[in-house]
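Here's the letter readout for the chains.
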Amino acid sequence: MEARVAIYVELLRFELRKIFRGRIAIPALAVSAGMLLGIALINYLVISPYDRGVYEREAALEGRALDDALLAELAAEAEEAGGLSGIGPDSPYYHLAGYISRMQGTYLTIGEGLESEAGNRELTAASVYQMREDLLEYIYDYFRLSDADKQWWKEKEALIEKPFVWRANFGAYSMKSVFGAAMNLFCMIAAVCLAGVYAGEKGYRTDSFVLSTREGKRSLWLVKFIAGEIFALAAGTLLLIAGMVPHLLFNGLHGINAPWQLIVPLCAYSYTAGQMLARYVLTYYLGCLVIGAMVMLFSVLFMNSMAAAGMICIGLVLDLFLSLPPHLGLLSQLRYLTPAQVLINSSMADPRLLRIFGLVLTPLQSARLVYLILTVAAAATVRSLYRRL
Amino acid sequence: MELTTERTSKHMELKIDRVSKQYRNKIAVDRLSATLHTGVTGLLGANGAGKTTLMRMICGVLTPTSGEITYNGMPVSEERYRSVLGYLPQEFGCYPEFSGRDFLLYFAALKGMPRNEAEIRSEELLETVGLADVSKKRVRTYSGGMKQRLGIAQALLNRPQVLILDEPTAGLDPMERVRFRELIGEIGKSSIVLLSTHIVSDVEHIADHILMMKDGELLWQGEWKESDGSLEEFYLREFRE
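These figures come from a predicted structure and were not determined experimentally.

1. Some words on the pairing of strand 8 (residues 192-197) of chain B
Residue and element names in this part refer to chain B. In terms of residue burial, strand 8 counts as a mostly covered element, since six of its six residues are buried. Here strand 8 shows a buried face lined by Ile-192, Leu-194 and Ser-196 and a second buried face lined by Val-193, Leu-195 and Thr-197. Of the strand pairs in this sheet, strand 3 (residues 39-45) and strand 8 are connected by six bridges, and their pairing is parallel. Looking across to strand 8, one finds that Gly-39 is bridged to Ile-192. In terms of strand pairing, strand 7 (residues 162-166) meets strand 8 through five bridges, oriented parallel. From the neighbouring strand, Ile-164 faces strand 8, where its bridge partner is Leu-194. As for the winding sense of the linkage, the β-α-β connection from strand 7 through helix 6 (residues 174-187) to strand 8 is right-handed.

Structure, rendered in structure tokens:
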């Protein structure tokens, strides 16, 4: 047993070398990580939050209830600036104005019938919370939620304290924005670097060699799969770190205790930003695993690196541009569980629940479950296809 | 240096029993039967005769459409058989980022050899095939002949009891060819060696047994002695008919 484990470890070492030392892996990783790092850094270097005193101004409202008094101050500031959008970053109400605008923006974009009402609403606590309630109701109807699901969300909503208490959240908001971009870049990295995990043997014309050996026929599929998933996790980590470093460098863990509603306004999760970001990290890693597994599945299915990479690129384009209306039911629900979609969701989170054996799963939970199932299913299919080679 | 297996006295038998392989409308190997024993067997045939298909089936890389191949009664599809098999395909590549030594260590692991044993055996074989000096250089810098010698070393890693060599002399210069023949002759004393070629001189002096294939069928098989005359002339005569 020990001897066999030693052989698997030895094979794993070689398989990892094949992936990491491939001609494209290091340059592709370096360019992608550099892009994420560069884009985030430029934001900070050109518009440094310190230079502009963002924290100080955000902190000026720290701990204040989002009530009539605060909203009246905001309304006065907006009147002077010619509207909410006119309030500049020098104002302590800058972030609050942005928050209300985001809610109103969602209001304006999602419902034609509600559009005319949005601009006319006064900035009072009652109107803001009523607007939130109307929007949530509208979203529940838009996504065709059952009465039971609506009730489930309403119970969650009831747990959220109102009026909201303003907490500075700029840092956490910036960190959240990294996940979607990192996921999309990861898909491309995985397509390029993992497409050859199985197909590469045919490309290098080593398949006859490999398949005539004992471990080559028996366990190499698993070693290769594990190596591919290790690469997926490593590449995912690198991209996430590259995207996060500038935010952490400039913001630290600023905003980590803010309620999630201040970051994703129309969300009924009663978690802090830190708790939700931890869930995002878990979802992101499971997303990396499932994408890695899918690339390797295509690799063994087509035994052609270009075809396998092409399939992932087509999938990525479809994921960016294909929209499925909610009336398509489960199909539409599953379509929006792709890693990039789940992680990009900003102001309007998909509220469709998945009920399995009495368990109620939110989209983030459903996504994680789906990724796990798909990864295991992909591994089983890879095994079956490999043994037929 | 020990190149051969330790099982010198034990009886070994590779039995090919009415084996066929069909690809859509083409029959690559047609109901071929033969039994191979310890020693070198030369497989002669023109390009397209079905030699490579037969060898891939013997190695368990291809599954026959019908018939069975067994080694000492064990089907070649079994895992145990792979432990005693060494195979050099006709066309093969190498991982360009690996060094020659890494290449051998990787295949040693694939053959289930422990690391220490693999390192010793790799050094031995690199010396034998004349690649010791360049063993740490990347394979992509190797010439065709060097890659061929690396492939031969790979096939010998696990001291195979069944050694299948598909056109092994392709790409070797005359000196290397002679060295290779001597090496195979030595291994053939204790293993079943099947060596395919379309160059008669490659097998004329070292093969104990000859198989001749044409259009997927076995044209002739038997032992060839020097007293029988020129194998090349016989081969050409048989193929013209």
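2. A few points about the pattern of salt bridges
For the structure shown, the criterion picks out 32 salt bridges over all chains. Note that Arg-335 of chain A and Asp-319 of chain A form a salt bridge whose closest N and O atoms lie 2.9 Å from each other. Of the two residues, Arg-335 of chain A sits in helix 17 (residues 330-335) while Asp-319 of chain A sits in helix 16 (residues 305-321), which places them 16 residues apart along the sequence. Pair check on accessibility: Arg-335 of chain A and Asp-319 of chain A agree, each one buried. Notably, a salt bridge pairs Lys-51 of chain B with Glu-167 of chain B, separated by 3.9 Å at the nearest N-O pair. With Lys-51 of chain B in helix 1 (residues 51-58) and Glu-167 of chain B in the loop between strand 7 and helix 6, this pair connects stretches of sequence that are 116 residues apart. According to the relative accessible area criterion, Lys-51 of chain B is buried, its value standing at 5%. Through salt bridges with shared partners, a single ionic network connects Glu-10 and Arg-13 of chain A together with Arg-101, Arg-115, Glu-119 and Glu-123 of chain B.

3. Points about the packing of helix 5 (residues 144-156) of chain B against helix 6 of chain B
Residue and element names in this part refer to chain B. Where helix 5 contacts helix 6, the two axes come as close as 13 Å, and the packing angle between them is 5 degrees. Classed by the angle they form, the pair helix 5 and helix 6 counts as roughly parallel. Residues Arg-149, Ile-152 and Leu-156 of helix 5 lie in contact with helix 6, whose contacting residues are Glu-176, Phe-180, Leu-183 and Ile-187. For the contact of helix 5 with helix 6, the per-class residue count stands at five nonpolar, no polar and two charged.

4. A closer look at a nonpolar patch on the surface
The grouping of Leu-301, Phe-302, Met-311, Ile-314, Leu-318 and Leu-322 of chain A at the surface amounts to a nonpolar patch, some 520 Å² of accessible area in total. Every element with two or more residues in the nonpolar patch is listed here: helix 15 (273-302) and helix 16 of chain A.

5. Thoughts on the domain arrangement of chain A
Residues and elements named next belong to chain A. Under the domain assignment, chain A is made up of domain 1 (2-45 + 168-387) and domain 2 (63-158). Residue-level contacts link 22 residues of domain 1 with 21 residues of domain 2. Carbon and sulfur atoms make up 70% of the surface buried where domain 1 meets domain 2, a total of about 2,100 Å² over both sides. There are one salt bridge connecting domain 1 and domain 2. A salt bridge links Asp-149 to Arg-355; the shortest N-O distance between them is 2.7 Å. Its residues assigned to classes, the side of domain 1 that touches domain 2 shows 15 nonpolar, four polar and three charged.

6. Focus: empty space enclosed by the protein
Residues and elements named next belong to chain A. Counted according to the given criterion, the structure contains three cavities of 30 Å³ or more. Volume-wise, the largest cavity comes out at about 220 Å³. Around the largest cavity, the lining comprises 20 residues; the ones closest to its centre are Cys-267, Tyr-269, Ala-349, Asp-350 and Pro-363. Elements that contribute at least two residues to the lining of the largest cavity include exactly helix 8 (125-142), helix 15 and helix 19 (363-387). As for the second largest cavity, its lining consists of Val-197, Tyr-198, Glu-201, Asp-207, Val-210, Leu-211, Lys-224, Met-303, Tyr-386 and Leu-389. Among the secondary structure elements, those contributing two or more residues to the lining of the second largest cavity are helix 11 (196-203) and helix 12 (207-211). In terms of residue class, the lining of the second largest cavity is built from seven nonpolar, no polar and three charged.

7. Description of the sheet that holds strand 8 of chain B
Residue and element names in this part refer to chain B. One open sheet accounts for six strands, arranged 6-7-8-3-9-10; its pairing is mixed. On the outer flanks of this sheet lie strand 6 (85-88) and strand 10 (217-222), each paired with one strand and no other. Averaged over all pairs of adjacent strands, the angle between strand axes in this sheet comes to 15 degrees, irrespective of strand direction. For strand 6 and strand 7, the ladder comprises four bridges, and the chain directions are parallel. Bridged to Tyr-87 within strand 7 is Ile-164. Packing against the sheet, helix 1 makes contact with strand 3, strand 6, strand 7, strand 8 and strand 9 (209-214), and its axis sits at approximately 155 degrees to strand 8.

8. Digging into the interface of chain A and chain B
Taken residue by residue, the interface counts 27 residues in chain A and 34 residues in chain B. In total, chain A and chain B occlude about 2,800 Å² of area from one another, counting both sides; carbon and sulfur atoms represent 61% of this. At the boundary of chain A and chain B, one finds three salt bridges. Of the charged contacts, one joins Arg-17 of chain A and Asp-102 of chain B as a salt bridge, the two residues approaching to 2.6 Å between their closest N and O atoms. Between chain A and chain B we count 13 residue pairs in polar contact (both at pLDDT 80 or more) in total.

Conventions we followed
Residues numbered from 1 in each chain as written. Chains lettered and ligands numbered in written order. Predicted model: local features only at pLDDT ≥ 70, side-chain atom pairs only at ≥ 80, totals over all residues. Heavy atoms only, no water. Buried < 20%, exposed > 50% of the residue type's maximum accessible area, 1.4 Å probe, protein only. Helix = DSSP H or I, 4+ residues; strand = E, 2+ residues; numbered from the N terminus. Pairing = 2+ DSSP bridges. Right-handed = clockwise from strand over helix to strand, strands pointing away. Salt bridge = Lys/Arg side-chain N within 4 Å of Asp/Glu carboxyl O. Axes fitted to C-alpha atoms, helices over the stretch in contact; angles between N-to-C directions. Parallel < 35°, antiparallel > 145°, perpendicular 65-115°, else oblique. Contact = heavy atoms within 4.5 Å. Nonpolar A, V, L, I, M, F, W, Y, C, P; charged D, E, K, R; others polar. Patch = residues over 30% accessible without salt bridge, like charges linked within 9 Å, V, L, I, M, F, W, Y side chains within 5 Å. Areas by Shrake-Rupley, 256 points an atom, 1.4 Å probe, with all protein chains shown as cover. Domains from an automatic or database assignment. Buried area = accessible area lost by both parts, 1.4 Å probe. 1 Å grid on protein atoms, 1.4 Å probe; cavity = no way out; pocket = protein on both sides within 12 Å on 5 of 7 lines; lining within 4 Å. Points joined across faces, edges and corners; volume = space filled by probe spheres on them. Polar contact = N/O pair within 3.5 Å; in protein donor to acceptor, adjacent residues only side chain to side chain.

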